[in-house]
Each structure stands twice: as structure tokens, then as C-alpha cells.
Amino acid sequence: MSTSPLVNTLIQELSAGDELGAASPDAPSTEQETDPEQVLSSVMERLAVEESFAFDDEIVKQNLDEILIALISLRDGTHGKALIDDLSRLFDAELSPGTVYPRLHDIENDGTLAMHELVRTKEYSVDDDDDAKSRIERAMYHHLALGLFLHDSLDEL
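These remarks concern the structure in this document. Numbering of residues starts from 1 in each chain and follows the order in which that chain's sequence is written. Local features are withheld for residues below a pLDDT of 70 in this predicted model, meaning they are given only at 70 or higher, and side-chain atom pairs are given and counted only at 80 or more; totals for whole chains, interfaces and linings count all residues. Here the side-chain values reflect all heavy atoms present in the structure, with hydrogen atoms and water set aside.

**Observations concerning the sheet that holds strand β1 (residues 78-79)**
Strand pairing in a sheet is mediated by backbone hydrogen bonds. Such pairs are either parallel or antiparallel. Note on pairing: two strands pair once DSSP finds at least 2 bridges between them. For the purposes of this entry, the term helix denotes a DSSP run of H or I that reaches at least four residues, the term strand denotes a run of E that reaches at least two, and both are numbered from the N terminus. The three strands are arranged β1-β3-β2 in an open sheet whose pairing can be described as antiparallel. Only two strands of the sheet have a single partner each, and these edge strands are β1 and β2 (113-117). Inspection of the sheet shows β2 paired to strand β3 (residues 122-126) by five bridges, in the antiparallel sense. Along β3, the bridge assignment pairs Leu113 with Val126. What makes two residues a contact is simply this: any of their non-hydrogen atoms within 4.5 Å. All axes are obtained by fitting lines to C-alpha atoms, using only the stretch in contact for helices, and the reported angles, taken between N-to-C directions, cover 0 to 180 degrees. Across the sheet, helix α6 (residues 97-109) touches β2 and β3, and the angle it forms with β3 is around 50°.

**Quick word on helix α2 (residues 36-46)**
Type-normalised accessible area, obtained with a 1.4 Å probe on protein chains alone, sets the label of each residue: buried when under 20%, exposed when over 50%, and partly exposed for intermediate values. Buried residues of α2: Pro36, Leu40, Ser42 and Met44, and no others. Buried residues belonging to α2 abut α4 (64-75) and α5 (80-91).

**Here we look at unusual backbone geometry**
If you check the backbone angles, Asp76 has positive phi at about 55° while not being a glycine. You can see Asp76 is positioned in the loop between α4 and β1. With a relative accessible area of 52%, Asp76 lands in the exposed category. Residues other than glycine seldom take positive phi values, yet Asp92 does so here, at roughly 55°. Take Asp92: it is sitting in the loop between α5 and α6.

And the structure:
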């Protein structure tokens, strides 16, 4: 997917000074686990989001596949209960297992995730790094474009 210079500049500005050491979007990723809470906190701080900000459950549901893939990649594998806890803690989204587990199974069936049966649970990990990255990038660009459109329309009000 080709990106415009404006989008690349925005991404670089948002990534500048990232205390987590995030590199440019084209830099190779590290294999270490990163805490999703630190990532989200860093983003909210860089964007100077008010403390009263809350994600809308519908936005989280509409982007659940990409959010799940991102959470799994940040944790370098995890199980469904931990993902549901992350969704609740990070995004204040109270999603039921009946919403989350079918999405995990569908993403696994697509080949993006791998599921490993453990004794009492199933652990999910990213199986197709390229597909995972492509899906997350596509969602990111859609949200950036929509956000910039909404931002620019504020000037007209």
C-alpha cells in the first residue's frame, strides 16, 4: 500500500519522541513483548488526549479483528481471556466471549493467527506477519484519513 508524504509525515510526527522506542513504520520490528497499556498510554500522551476521553464500544467492535491482531502481536501470543481483559482495561469495551472468540476463530481460519491448544486454554499467536501487518496498516490509514477529514471539517464550523 502506497502512502502519501502527508501521511508518512504525520506518522513520523506521532512516532517522534516515543519513549517506547518505536521506530518508523518501515523499520524492522523487535521480537520482544511490548505492553499494550504502555503503547496506548504513549499514543494518548502524544496526542494530548483529555483524561475524560473514552473509546466507543461500537468503534472497538467495528475494528475488533485488527485490534485483536495488534494485541496478540504486542504480547507475542496470548489467550482469549487476557484479550477480553485487555479490551476492557484499554478500551473500556465490555465485549462478551461470544463476540471475541468467534472473531479469533475467523482470523485463525484466514491464516493470520495460529492457535495452540494448551492444557486448560488456547493461546493465539500471529502466524502470517505480512497479512497481520497489512490488515493493521489498512485500518490505520482508513482511520487517519477519516480523522484528518473530520479535523479539517471543524474549521468550517
